[in-house]
Amino acid sequence: MSAPDDVDDAVHGLDRLPEDAENAARAMDEIVADSDDDGDDTDDDVPDQPDDDYESDGDDQEWALGFCERAPSETLQRQFFPSKVGGRPAWLDPVDVPTAAQLKCLYTREPLDFLLQVYASVDDEPTAFHRAVFLFVSPHGGDLHRPGAVRAFRSQLPRVNPFYPDEPREPGDPLQELTDAQQAAYELRHDRWSDESLRGAIARRPRMFPERELAVEPEEFLEDEEVTAGIAGAENAARLAEAMTPAEEGSDEWKEQVKRARESLPEGLRGVGDDVSEAEVRSLERAQDKNQVQLSRFHLRLRRTDPTQVLRYCFDEGAKPLWPSVSDAPEHNERTVPPCPRCGSPRRFEFQVLPTLVNHLDVDSELNSAVDFGSIAVYTCAKSCAPPASDGTRGVAADGKSEAYAEECVLVHPPLNA
């Protein structure tokens, strides 16, 4: 695969991360300096850390990495089943597309913007011979970690279907046009990205990010002694964080620890109460150090493979996202990732979007609309259950939602600089 475009700019978000091994080592040194293992140290006053999704080394699974690359727009049309970022959606089912009610931000109630789509067929599911997951984001880019500000929809088709020939199309081949009945059914959906909508008033057109192909390659680890040393340093720092104890109460060092602990509190809790016990200082310091170590792991994992990656994909059972922190990692439970409402199967992690993607979106970071996030993880039905069969001419469902696009679950880590 050729090198991604805009390589020099392809590390958005990572410029705010620790400098690899150097910072991992510094974290370790600071923890050692603050450690005084007197045998009385226990873990009783340390808050439980999430043990599910805040970290995934992924060494037991085969991962694929996505990279943004320039490609001719005609190769990103729906008949070529693209994975891509930006532009307008290349709908897999081109008729029963998601409706306005589905493509609405549940936090701001405004229409969502199309971010990307991932084409990922499932070999052992005949109804998912063609399969794609579409991701949409709120126009308020800094609020993507709010519930419902990022939404994902899965669509799939069997090999024999009303919209595509059995055999793959070649570049230059004409698009299989919709029948009159299919076109009439499509128009009932009022697609925001239809040709007619995009010719309408500028103020009502959806925001579209620059269109790029998502080129996918297997993850391969780079042989780099500096990176390997950095990973070892981060892991040593994590182990030493467990042994950290606060300085003697009343000392200058203790006062500095109290100050740092208070600064690490959420803004709404700062200034609440004047007394901070040693146990509270120790607990907050440990959380801070674990976040720094986790951030180093996140950075080092990307450096160990390719820092220009924008997406990590693994639909294997047991795969988990790699979050850039411990304390801000979204909770993963049956409330945040419930079973598939269509078939009752559990949902499974499928892919995560990395903050490096922002460099390819051509957004002004000073604007409220600027897309910003720590990471986005998408969970989909483990069985990839099929939608109701259709010839592509059915009307809008009674609930006003598309039956061809099943909504899936999204967890979003807040921006790294929040």
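Further up the page is the structure itself.
These numbers come from a predicted model, not from an experiment.

### What to know about the pairing of strand E5 (residues 150-157)
Logical step 1: Of all 8 residues in E5, 8 are buried, a share of seventy percent or more.
Logical step 2: Sheet topology places strand E4 (residues 130-137) next to E5; 8 bridges connect them, and they run antiparallel. Pairing of His 130 across the sheet is with Leu 157, part of E5.
Logical step 3: Bridge count between E5 and strand E10 (residues 406-413): 3 bridges; the pairing is antiparallel. Across the sheet, the residue bridging to Phe 153 is Glu 407, located in E10.

### Describing the environment of Ser 390
Logical step 1: As for its placement among the helices and strands, Ser 390 is situated in the loop between strand E9 (375-381) and E10.
Logical step 2: Given the relative accessible area of 30%, Ser 390 is considered partly exposed.
Logical step 3: In this structure the C-alpha to C-alpha distance between Ser 390 and Glu 403, which are 13 residues apart in sequence, comes to 9.6 Å.
Logical step 4: Within polar-contact distance, the side chain of Ser 390 engages the backbone nitrogen of Gly 392 at 2.9 Å.

### Some thoughts on the layout of surface pockets
Logical step 1: Taken as a whole, the second largest pocket spans an internal volume of roughly 820 Å³.
Logical step 2: For the lining of the second largest pocket, the elements supplying multiple residues, two or more each, are helix H2 (180-187) and helix H3 (195-198).
Logical step 3: Across the lining of the second largest pocket, the residue classes tally to 9 nonpolar, 7 polar and 10 charged.

Rules of the game
- Residues numbered from 1 in each chain as written.
- Predicted model: local features only at pLDDT ≥ 70, side-chain atom pairs only at ≥ 80, totals over all residues.
- Heavy atoms only, no water.
- Buried < 20%, exposed > 50% of the residue type's maximum accessible area, 1.4 Å probe, protein only.
- Helix = DSSP H or I, 4+ residues; strand = E, 2+ residues; numbered from the N terminus.
- Pairing = 2+ DSSP bridges.
- Polar contact = N/O pair within 3.5 Å; in protein donor to acceptor, adjacent residues only side chain to side chain.
- 1 Å grid on protein atoms, 1.4 Å probe; cavity = no way out; pocket = protein on both sides within 12 Å on 5 of 7 lines; lining within 4 Å.
- Points joined across faces, edges and corners; volume = space filled by probe spheres on them.
- Nonpolar A, V, L, I, M, F, W, Y, C, P; charged D, E, K, R; others polar.

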